[in-house]
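Letter by letter, the chains look like this.
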Amino acid sequence: MYRKYMIVILTVILIINAQAQEMYNNEKSSLVASEERILVEQLELDTNRITDNILPIILENAHFDRNSLITFGKRYTTAYKTLNKNDEPKPSNKPDWLLDGTSYKANVYKGKRSDEIIMSNGLLRRVFRIKPNAATVRLDNLVTGESLLRGVKPEAIVKINGINYEIGGLKGQPNYAFLKEEWLDGMTSDASAMKFVGFKISKPKKPFGWKRFGAHNTDAEWPPKGVHLQMDYALPSDEDLIKGTSILPSSYGRQQLYKTNFNTLDDGWRTHYSSSHERSSFENEGKIGEIYTPQNTTVYVERVLNADTRIIEATFNAGTDKTKDYGPGIALVWPDKTLKFYLRPGPNIEGIPTFGLWDGKRHNYAVGGQKPFDINQPWTLRLRIADDGVYCEAKSKDGEWRTLQKLPTFKTMPSEVRIGKTNAKGIGEDLKESQGELARLQVMDFSLYGVLKSNNKSALKSGDLTVSVHYELYDGIPVMGKWLTLKNNSDKEITVDKFTSEIIAAIEYTSTVNIDGMPDAYPNIHVETDYAFASMNVEGANRHVVKWLTDPDYATQVNYLRVTPCLLNVGPELGPDRKVKPNETFKTFRTFVLPHDSFDRERQGLSIRKMYRTLAPWTTENPLMMHARFSDWDRVKLAIDQASEVGFEMVILTFGSSFNMEDDSPEYLVKMKKYADYAKSKGIEIGGYSLLASRKVGGGNDVVMPPGRRPNFGNSPCLESSWGQDYFRKLYNFYKQTGFKLLEHDGSYPGDICASTEHPGHNGLEDSRWKQYEKISKFYQWCREQGIVLNIPDYYYLAGGNKCGMGYREVNWSLPRNQQLIHARQNIYDGTWQKMPSMGWMFVPLTEYHGGGAAATIEPLNEHLDHYESMMVSTLGAGVQAFYRGPRLYDTNKTKTMVTNVVNWFKEHREVLEGDIIHLRRPDGQDLDYWLSVNPQSKEKGMLMVYNPLKEAVVKKIKVPLYYTGLKDRTVIKSKEGLLKTYTLNRDYSIEIEVKVPANSYTWYVME
């Protein structure tokens, strides 16, 4: 038999050698096997023999096309010699990537060893081991030279049909404070983890199309340049799943021996009530399982335990019980000893609840560590009796099982089990003194399960599912994207209950022994996803999906409670509970990781802004917009005509204008097409406003919130209700029929969940958020493909949105005009730390808005021309577009001239003004305020805007840092007055410039 296999292998080698020799003779260069797949998995040889002896010979003689899928071995991918003909480039003195990132090219390289893959672009490096399973073993910030990784974790985790599967990863790291390379060879693959079976290297593909609007940022790449690595995994066999450390549901592969929800109490139970109080009972006010008794007393039920029992499980709601030793739990009874695993809801060590354990000999009052958990929700405890030990495990109502303690294997099985309140040793003895106040708590359910069997007919087979982990590394920026796809290869529907798509055991930001109410300090890494909503800032929009958690494996951390937030966990907090049909592929959201190379706020912001330019380049589209307050033809025509004459680029039929995008009558659609056609004839695009959330639609179509929760905006329809589905049908149809080119989508979907089981587009609570987000993100992506600009007061940039609010309080527009002006510049200054100027809109109400009367209002425009000009220059002088909301843009020729001049000035300097803002002095009304716009790729490298809010002229010298302009030695500066002067840059790339600003006015200086 062995001889037969050797013949097959030698034949493969001879064929490859012959091909390689022919290519070598033809080209005298490195050997590349084009579009070739090498599948060794058909060979029924011992895996280790393939790994150690055969494949190195094959790989010595061939190079492979980077777009080929290479799969080795039947059980795991084995060593290889090369992926790319070149090694990873050596570090060199390249320019600052924020000024010029063109030399930083992403690629995939061979590692130091034959079982390593490296993704690197000279800024960020991720190193994978692929034997005995695939795992990230290095994550390096190449700008600073620091390692960001302190431990190996699974590449991802998915819960499918109720089973949690780790994807890849290695076990056995002895210390999670740091990762030593020599430990890796001794680390093993968990039998229950998904196994790495192959990879594919290609270029990034666009997740959706982008039809560019106007002439904005036409040089932006889409999709972004870089490299894409796809790593494929297969499910473990049923036998391996059982052998591994995966914590399985109690019912997996086991017979349920007994279950009760305590609706009744059958004859198998014996009750024990404390005699300390007449109300002590296991049945309170007719509810069996509800315990009412003084806190430090005992009330429980017990029954004989079946000898075949291997899992004992019960759920408790601690209610008002604040005791310690007498907390509710599971007690096992032998003739000569007891064991108790229980909740300690009282104010324990550090004032937090803990899990307790009496193992028959000693107490552990904080089993699993002194880690805070929510005692106000039900907790399920179980004792799982396995061949290698007894596991004490717990999970919250909607959480996952976690092992708190492993005990030695029982020599004999316990004879009885007690459920409820016992003393610390599981015995029915009350505390003689200080029995405490009466407490009300509940035993909610109890179950027993038998021996685990490996012939589970309902289990998924290894070939039923292909899980791929996708990584993208981009040219010119230290950003890595990541997502999962799951292909259902079976003939039955599967459910993706939950997933965690990125897990990084990162170096902690700081070491704090005691937290003492201090705010959490997270690792210096920016993380966001395209599953973002319910906020106008990036952290808030991702708070439901990006979590910095404590690491249960990090036992050597300085923090006393071991609660240092240094484990990145990216996954939805609810669902997706997504049904995947046979032959269907499910795709998760995308996560983007950007390690910062500085703690400087400006540099961090510049890094994030460059990421958006690369990953969401449509956010640079920045048309000048007017909000028309009326939708009748005469006034809309006036707005279009005026916008065209002064150089604006878009008119929006705003809120309160009587425009109705939900009117899908043929007459209305024809009317709106007339508007769009006329606007286009004038060189203007037209858009409109629609309100989605923050309203009630009735008819059973609104979101049904769980008890105690309310929608983000007070009211909201469910996007997957009948109304929601019809609403989006109308929006698609409106844009197809009319030619409108902008959607102002107010009250965009903020992540509201819905418990309805009657809505046609989702099944219930668990899938409601995912399905609604799929609905709206697909619509936004369709808009992006049609060249429709999206103004969304929410953080939908990575899903296709162009703009979000810069951040302002609407009622502030009722303040006196001079106060509005300072507020506007403050809003811009504060809103552009992470946003590019083009990403945030501002507001200039031309008529009265939220009150304030004549003192707050610009109309009549010609009477407040200086203020009107100051508002325009304050926004456009930052590259920021405002919504000029009113019936007209000018009322006299003088007003028209002013508006035209400011617009022309902006367009003349547009390239630099739409660059990045360097924050210099925040507006405070007490002195000059100023910022610097920079664009190292434009002719004008920088533009300094200086504003004077005072009643007198100001002359002063200010220091201007020019590093991010890209200027190195000297610069020629042109002032607003047209004066030219040459400056030599200081060693810190700064200059000192004397500015002269008239009272209540502004000036500017351009650097070339």
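Residues numbered from 1 in each chain as written. Predicted model: local features only at pLDDT ≥ 70, side-chain atom pairs only at ≥ 80, totals over all residues. Heavy atoms only, no water.

Caption draft 1: The overall build of the protein chain, seen in detail. Secondary structure summary: the protein chain contains 14 helices and 53 strands in total. Here the C-alpha atoms of the protein chain give a radius of gyration of 33 Å, agreeing with the 30 Å that 2.2 N^0.38 yields for 1008 residues. Within the protein chain, buried positions represent 59% of all 1008 residues. Each charge class in the protein chain was averaged separately, 129 positive and 124 negative side chains, and the resulting centres sit 2 Å apart. (Helix = DSSP H or I, 4+ residues; strand = E, 2+ residues; numbered from the N terminus. Rg over C-alpha atoms; globule rule 2.2 N^0.38 Å. Buried < 20%, exposed > 50% of the residue type's maximum accessible area, 1.4 Å probe, protein only. Lys, Arg positive; Asp, Glu negative; His and termini not counted. Charge placed at Lys NZ, Arg CZ, Asp CG, Glu CD.)

Caption draft 2: Expanded view of the sheet that holds strand β8 (residues 149–151). Sheet architecture is open: 4 strands sit in the order β8-β31-β34-β33, paired in antiparallel fashion. Strand pairing shows two members of the sheet lacking a second neighbour, β8 and β33 (546–549), which therefore form its edges. Strand-to-strand twist across the sheet, computed as the mean angle between neighbouring axes with direction ignored, equals 40°. With 4 bridges connecting them, strand β31 (residues 502–506) and strand β34 (residues 567–570) associate as antiparallel partners. What sits directly across from glutamate 502, in β34, is valine 570. (Pairing = 2+ DSSP bridges. Axes fitted to C-alpha atoms, helices over the stretch in contact; angles between N-to-C directions.)

Caption draft 3: A look at helix α7 (residues 633–646). Its 14 residues give α7 an end-to-end C-alpha distance of 20 Å, which sits within 8% of 20 Å, the value for a rise of 1.5 Å per residue. Burial in α7 covers these residues: Val636, Ala639, Ile640, Asp641, Gln642, Ala643 and Val646. Elements in contact with the buried residues of α7: β38 (625–628), β39 (650–653), α8 (666–681), β40 (685–691) and α13 (893–908). Looking one or two places after α7, you find glycine 647, whose phi comes out positive at around 100°. (Expected span 1.5 Å × (residues − 1). Contact = heavy atoms within 4.5 Å.)

Caption draft 4: Quick peek at the pairing of strand β6 (residues 135–141). Of all 7 residues making up β6, 6 are buried, and the element is well covered by its neighbours. In terms of strand pairing, strand β5 (residues 124–129) meets β6 through 6 bridges, oriented antiparallel. Within the sheet, the bridge partner assigned to leucine 124 lies in β6 and is asparagine 141. What sits between β5 and β6 in their antiparallel hairpin is a turn of 5 residues. Here 2 bridges tie β6 to strand β7 (residues 146–147), and the two strands are oriented antiparallel to one another.

Caption draft 5: Spatial organisation of a nonpolar patch on the surface. Nonpolar side chains collect at one region of the surface, where Val513, Val558 and Tyr560 lie side by side and expose about 290 Å² of accessible area between them. Checked against the element boundaries, tyrosine 560 lands in the loop between β33 and β34. Assessed through its relative accessible area of 49%, tyrosine 560 is described here as partly exposed. (Patch = residues over 30% accessible without salt bridge, like charges linked within 9 Å, V, L, I, M, F, W, Y side chains within 5 Å. Areas by Shrake-Rupley, 256 points an atom, 1.4 Å probe, with all protein chains shown as cover. Salt bridge = Lys/Arg side-chain N within 4 Å of Asp/Glu carboxyl O.)

Caption draft 6: The arrangement of the confidence of the model for the protein chain in detail. The predicted model of the protein chain averages 90 in pLDDT, with 90% of residues at 70 or higher. Predicted confidence is poor over residues 20–82, with pLDDT under 50, and the contacts of this stretch with residues over four places away or in other chains come to 132 contacts. (pLDDT = per-residue confidence, 0-100.)

Caption draft 7: Examining the packing of helix α12 (residues 865–876) against α13 more closely. Put simply, α12 and α13 touch, their axes get as near as 10 Å, and they point 15° apart. Here α12 is positioned roughly parallel relative to α13, judged by the angle of their axes. In this structure, α12 crosses over α13, and the sense of that crossing is right-handed. Taken together, the residues of α13 that come into contact with α12 (itself represented by Leu865, Tyr868, Glu869, Met872, Val873 and Leu876) are Lys894, Thr895, Met898, Val899, Val902, Val903, Trp905 and Phe906. (Parallel < 35°, antiparallel > 145°, perpendicular 65-115°, else oblique. Left-handed = near helix turned anticlockwise from the far one by under 90°.)

Caption draft 8: How the structure looks around the pattern of salt bridges. Considering all chains together, one arrives at 63 salt bridges under this definition. Linking arginine 125 and glutamate 88 is a salt bridge whose minimum nitrogen-to-oxygen distance equals 2.9 Å. Taken together, the residues arginine 125 in strand β5 and glutamate 88 in the loop between β2 (69–71) and β3 (107–110) connect sequence positions 37 residues apart. Taken as a pair, arginine 125 and glutamate 88 share a single burial class, namely buried. Put simply, arginine 578 and glutamate 774 hold a salt bridge, and the shortest N to O gap is 3.4 Å. Taken as a pair, arginine 578 in strand β35 (residues 578–580) and glutamate 774 in helix α10 (residues 765–786) lie far apart in primary sequence, 196 residues in all.

Caption draft 9: Broad picture of the packing of aromatic side chains. Throughout the structure, instances matching the rule amount to 61 aromatic pairs. Between phenylalanine 655 and tyrosine 849, the aromatic rings sit 6.5 Å apart at their centres with planes inclined by 65°, giving edge-to-face as the arrangement. Residue phenylalanine 655 is located in the loop between β39 and α8, and its partner tyrosine 849 is located in the loop between β44 (840–845) and α12; the two are separated by 194 residues in the primary sequence. Centre to centre, the rings of tyrosine 795 and tyrosine 797 are 4.7 Å apart; their planes meet at 85°, and the pair counts as edge-to-face. Positioned over the ring face of tryptophan 334 is lysine 337, at 4.7 Å from the centre of the ring. One residue, arginine 384, lies across the ring of tyrosine 391, its end atom 4.4 Å from the ring centre. (Phe/Tyr/Trp six-rings, centres within 6.5 Å; stacked < 30°, edge-to-face > 60°. Lys NZ or Arg CZ within 6 Å of the ring centre and 35° of its normal.)

Caption draft 10: Just the environment of leucine 979, in detail. Mapping leucine 979 onto the fold places it in the loop between β50 (970–975) and β51 (980–984). Classification of leucine 979 as exposed rests on a relative accessible area of 60%. Non-local contacts of leucine 979, meaning those with residues more than four positions away in its chain, are made with Ile973 and Lys974.

Caption draft 11: Up close: the pairing of strand β10 (residues 163–167). Within β10, 4 of the 5 residues are buried, leaving the element largely enclosed by the surrounding structure. Examined bridge by bridge, strand β9 (residues 156–160) and β10 share 5 bridges and lie antiparallel to one another. Its bridge partner being in β10, lysine 159 is matched across the sheet by asparagine 164. Here β9 folds back onto β10, and the loop between the two strands holds 2 residues, one of which, asparagine 161, carries a positive phi near 50°.

Caption draft 12: Quick peek at the packing of α8 against helix α9 (residues 722–738). Orientation of α8 relative to α9, taken along the N-to-C sense of each, is 50°, at an axis distance of 8 Å. One way to sum up the angle between α8 and α9 is to call them oblique. The crossing of α8 and α9 is right-handed. Residues Leu669, Met672, Lys673 and Ala676 of α8 touch α9, and the partners they reach there are Asn733, Phe734, Gln737 and Thr738. Along the lines of polarity and charge, the residues of the contact of α8 with α9 split into 4 nonpolar, 3 polar and 1 charged. (Nonpolar A, V, L, I, M, F, W, Y, C, P; charged D, E, K, R; others polar.)

Caption draft 13: Quick peek at the side chain of lysine 482. Here lysine 482 lies in strand β29 (residues 480–488). With relative accessibility at 1%, the residue lysine 482 sits in the buried group. A polar atom in the side chain of lysine 482 sits 2.6 Å from the backbone oxygen of glutamate 155. With residues up to four places along the chain from it excluded, the contact list for lysine 482 reads Arg126, Glu155, Val469, His470, Tyr471, Ser501, Glu502, Phe589, Arg590 and Thr591. (Polar contact = N/O pair within 3.5 Å; in protein donor to acceptor, adjacent residues only side chain to side chain.)

Caption draft 14: The arrangement of the sheet that holds strand β4 (residues 116–120) in detail. An order of β3-β4-β5-β6-β7 is seen for the 5 strands of this open sheet, with the pairing classed as antiparallel. Strands at the two margins of the open sheet, each flanked by one partner only, are β3 and β7. Of the pairings in the sheet, the one linking β4 to β5 comprises 5 bridges and is antiparallel in character. Within β5, the residue paired with methionine 119 across the bridge is arginine 126.

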